[in-house]
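Chain and residue survey
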Amino acid sequence: MSTKPSIPQGTRDFNAATIRKRNYILQIIKQVFETYGYQPLETPAFENLETLMGKYGEEGDKLIFKILNNGLNNEKNIEKAKAGFALVLEGKNSSDITERALKYDLTIPFARYVAMNHTKLVFPFKRYQVQNVWRADRPQKGRYREFTQCDADVVGSNHLLNDAELAMMYDDAFNKLGLSDYTLHVNSRKILEALAQVCNATDQLVLITTAIDKLDKVSWDKLQIELSENGLTAAQLKTIETFISIDGNNEERLAKATHFFAGNPIAIKGLEEIEYVLQTASQAKIKVDFSLARGLHYYTGIIYEVKAPPTVKIGSIGGGGRYDDLTGLFGVNGIPGVGISFGIDRIYDVMEELQLFPENLETGTQVLFFNMGSKEASIAFQIMQSLRQKGVSAELYLEEHKLQKQFTYAEKKNIPFAVIIGSKEIEQNYCQLKNLQTQEQHIVVLDNLHEFLTTQPGYHQ
RNA sequence: GUGGUUGUAGCUCAGUUGGUUAGAGCAUCAGAUUGUGAUUCUGAGGGUCGCCGGUUCGAACCCGGUCAUCCACCCCA
């Protein structure tokens, strides 16, 4: 038996430097959320399985991490468990085997929360949520099995100002992060629906939209073959081809699309909505992209997807959209909403690659007190404590090692200052304060140590 | 779920057509240097070559399986 420790596929440990950088991202995004009046919410790591099942499409259901029931080997459960397992082997679910699952995203648990509390909430209800979610996907670049989502949603309002406001929140956050080279792709589920209508293929909506969503990777020639194999006629393909050839800047695209749909009422609605968001969130770097088709089944209006700067090869770093009736899934009708999500793990990877993190995030220990012998160390400890009381992050080297080792320790931990208090210094109530980067060394009277240290260049709170 | 890549020291990697005792750099530890280091010198420790099996006189190397990894597809943040 190998006892080599390991962590599950697609998960990560985060060290201090990584956590500081992640917190830097989170703090900026949370601050934007708060500024726009969104309130925090947290929901459990796991939900009842039936809350989650069927909300993410067939493929999504397969990617939900399910939790095995306890007590399956209990005698009174054993027959049920066997029958349930037979169902599982057929690819079905059985509450006799599993009735809870790790949450797959933040939107559905939020909808569940709203449905449970709709009589108490004040609408429009704006909340943000930063929590881990889990997907049983194969890990690869920019894809993890445990990752953090960062969502903002507003429910109980149909007003398009919400949609525009969320676009501005993307813009604010990415500008503050130094990712102002992002692009916010925008489309509307209504337009895609209208396309299916114009093609006389309303039952093929999913097929058509997922196909054109691949256009940036797969050529139209190949997609045509795939679509015709699925029963689309040459005339239908021609219509789709005309639609996806719409190009130009945002205004031109909207104009061409208006012409293309020739008065189709659903299309007109969708186009007007995009037009409104474009005008209201005019500072955001929006690109009208009719090939955008987010897979999630619950979107009904505007859909968003954020692309990283083109130099970084990574999938989307955020996404969202409008849904008319999410809580209807939980028996409460008439609560529309719209939301966005930041994929902070991917934002982290992008910022790391583009070196966008500020240098001074490493605010660990600021002062190392050297150990000059056991008597000296206990006096140094008292002096260190008085600094700690004033908020200075300090530590004392515990062992009586030679100075070489103590210096090396400080260097490895990126501690900017060393305080040396030996017998000579103790006699005359001063210490040696050394800046380890510049090698400058000062004689400082102990009473002045705090003030002197905290005003030194290179000192961080 | 499908396809491919790579598994050798703590880390990054060499290792010839299968041949005796598996190497390097970095890192670690000790000493030169008992109150001033990170860029000098000397030395030391460290390996079940992912795991299991097969072929062979002989396997880090060839074959089969398995696990892990990274990448791509599906889908997605």
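Conventions we followed
Residues numbered from 1 in each chain as written. Chains lettered and ligands numbered in written order. Predicted model: local features only at pLDDT ≥ 70, side-chain atom pairs only at ≥ 80, totals over all residues. Heavy atoms only, no water. pLDDT = per-residue confidence, 0-100. Near = heavy atom within 4 Å. Polar contact = N/O pair within 3.5 Å; in protein donor to acceptor, adjacent residues only side chain to side chain. Helix = DSSP H or I, 4+ residues; strand = E, 2+ residues; numbered from the N terminus. Nonpolar A, V, L, I, M, F, W, Y, C, P; charged D, E, K, R; others polar. Pairing = 2+ DSSP bridges. Axes fitted to C-alpha atoms, helices over the stretch in contact; angles between N-to-C directions. Contact = heavy atoms within 4.5 Å. Buried < 20%, exposed > 50% of the residue type's maximum accessible area, 1.4 Å probe, protein only. Salt bridge = Lys/Arg side-chain N within 4 Å of Asp/Glu carboxyl O. 1 Å grid on protein atoms, 1.4 Å probe; cavity = no way out; pocket = protein on both sides within 12 Å on 5 of 7 lines; lining within 4 Å. Points joined across faces, edges and corners; volume = space filled by probe spheres on them. Core = buried A, V, L, I, M, F, W, Y, C linked by side-chain atoms within 4.5 Å.

What follows concerns the confidence of the model for chain A. In this model, chain A carries a mean pLDDT of 90, and residues with pLDDT of at least 70 account for 99%. Prediction confidence for the complex, expressed as pTM and ipTM, is 0.88 and 0.84 respectively.

Before going further, it helps to examine the protein's contact with RNA strand B. Around RNA strand B, a shell composed of 38 residues is seen, among which Arg-135, Arg-143, Ser-316, Glu-425 and Gln-439 lie nearest. Considering the 4 Å shell around the protein, atoms of RNA strand B inside it are sugar or phosphate in 43% of instances. Separating a base oxygen of RNA strand B from a side-chain N or O atom of Arg-138 is a distance of 2.9 Å. Backbone polar atom of Gly-142 to a base nitrogen of RNA strand B: 3.5 Å apart, as the coordinates give it. Breaking the surface near RNA strand B down by element, the ones donating at least two residues are strand S6 (146-155), helix H15 (403-412), helix H16 (423-428) and strand S15 (430-435). Per element, the largest residue contribution to the surface near RNA strand B is 6 residues, and it comes from H15. In terms of residue class, the surface near RNA strand B is built from 9 nonpolar, 13 polar and 16 charged.

We now examine the sheet that holds strand S2 (residues 46-48). Ordered in space as S2-S4-S3, the 3 strands form an open sheet in which the pairing is antiparallel. Strands with a single pairing partner mark the edges of an open sheet, and in this sheet they are S2 and strand S3 (66-68). Ignoring strand direction, the axes of neighbouring strands in this sheet form an average angle of 40°.

Hydrogen bonds along the backbone pair up the strands of a sheet, which may run parallel or antiparallel. Spatially, S1-S5-S6-S11-S10-S9-S7-S8 is the arrangement adopted by the 8 strands of the open sheet, whose pairing is mixed. Since the sheet does not close on itself, it has two edges, and those belong to strand S1 (39-40) and strand S8 (286-288), each with one partner. Helix-sheet contacts for helix H7 (residues 189-198) involve strand S7 (183-188) and strand S9 (302-307), and the interaxial angle to S7 is about 45°. Sitting on the sheet, helix H13 (residues 344-353) is in contact with S6 and strand S11 (337-343), with an inclination near 40° to S11.

Further remarks concern the environment of Thr-365. Examined against the element boundaries, Thr-365 turns out to sit in the loop between H13 and strand S12 (367-369). On the basis of relative accessibility, which here comes to 15%, the residue Thr-365 falls in the buried class. Between the C-alpha atoms of Thr-365 and Phe-417, which are 52 residues apart in sequence, the distance is 9.0 Å. At 2.8 Å, the side chain of Thr-365 forms a polar contact with the side chain of Glu-395.

A cis amide bond links Phe-123 with the next residue in sequence, Pro-124, at an omega value of -5°. Among the structural elements, Pro-124 can be located in the loop between helix H5 (107-117) and strand S5 (125-134). The phi torsion at Gln-355 lies on the positive side, around 55°, for a residue other than glycine. Owing to a relative accessible area of 71%, Gln-355 belongs among the exposed residues under this scheme. Backbone geometry at Gln-439 places phi at a positive 70°, although glycine is not the residue there.

The subject of this paragraph is the side chain of Ser-157. Among the structural elements, Ser-157 can be located in the loop between S6 and helix H6 (160-177). What makes Ser-157 buried here is its relative accessible area of 13%. Separated by 3.1 Å, the side chain of Ser-157 and the backbone nitrogen of His-159 make a polar contact. Setting aside chain neighbours within four positions, we find Ser-157 in contact with Pro-124, Asn-162, Arg-322 and Pro-336.

Once that is clear, we can look at the pattern of salt bridges. Enumeration over the complete set of coordinates arrives at 16 salt bridges. Note that Glu-59 and Lys-62 form a salt bridge whose closest N and O atoms lie 3.7 Å from each other. Here the residue Glu-59 and the residue Lys-62 both occupy positions in helix H3 (residues 57-62), the gap between them amounting to 3 residues, near one helical turn. Note on Glu-59: relative accessible area 55%, which makes it exposed.

Right, let's talk about the pairing of S6 for a bit. The element S6 is largely enclosed, with a buried count of 9 among its 10 residues. Sheet topology note: the S5/S6 ladder contains 10 bridges and is antiparallel. Note on S6: the bridge partner recorded for Val-130 is Cys-150. In this structure, S6 lies alongside S11, joined through 7 bridges in antiparallel fashion. By the bridge assignment, Gln-149 is partnered in S11 with Gly-343.

Within the secondary structure, Gln-437 sits in the loop between S15 and strand S16 (441-445). In sequence terms Gln-437 and Leu-403 are 34 residues apart; their C-alpha atoms lie 16 Å from each other.

So, on to the layout of surface pockets. Computed from the structure, the second largest pocket encloses a volume of approximately 160 Å³. What lines the second largest pocket is simply Glu-359, Asn-360, Glu-362, Thr-365, Gln-366, Asn-414, Pro-416, Gln-437, Gly-458 and His-460. Of the residues contributing to the lining of the second largest pocket, the split by class is 1 nonpolar, 7 polar and 2 charged.

Quick look at the nonpolar core now. Core analysis: the largest hydrophobic core is formed by 101 residues, its most contacted members being Ile-25, Ile-29, Phe-174, Phe-342 and Ile-347. Element by element, the count of residues in this core is highest for H6, at 9 residues. With residues up to four places along the chain from it excluded, the contact list for Ile-347 reads Ile-25, Ile-29, Phe-174, Leu-177, Leu-179, Ile-317 and Phe-342. Ile-383, Phe-417, Leu-449 and Leu-453 belong to the second-largest nonpolar core, a separate cluster that totals 19 residues.

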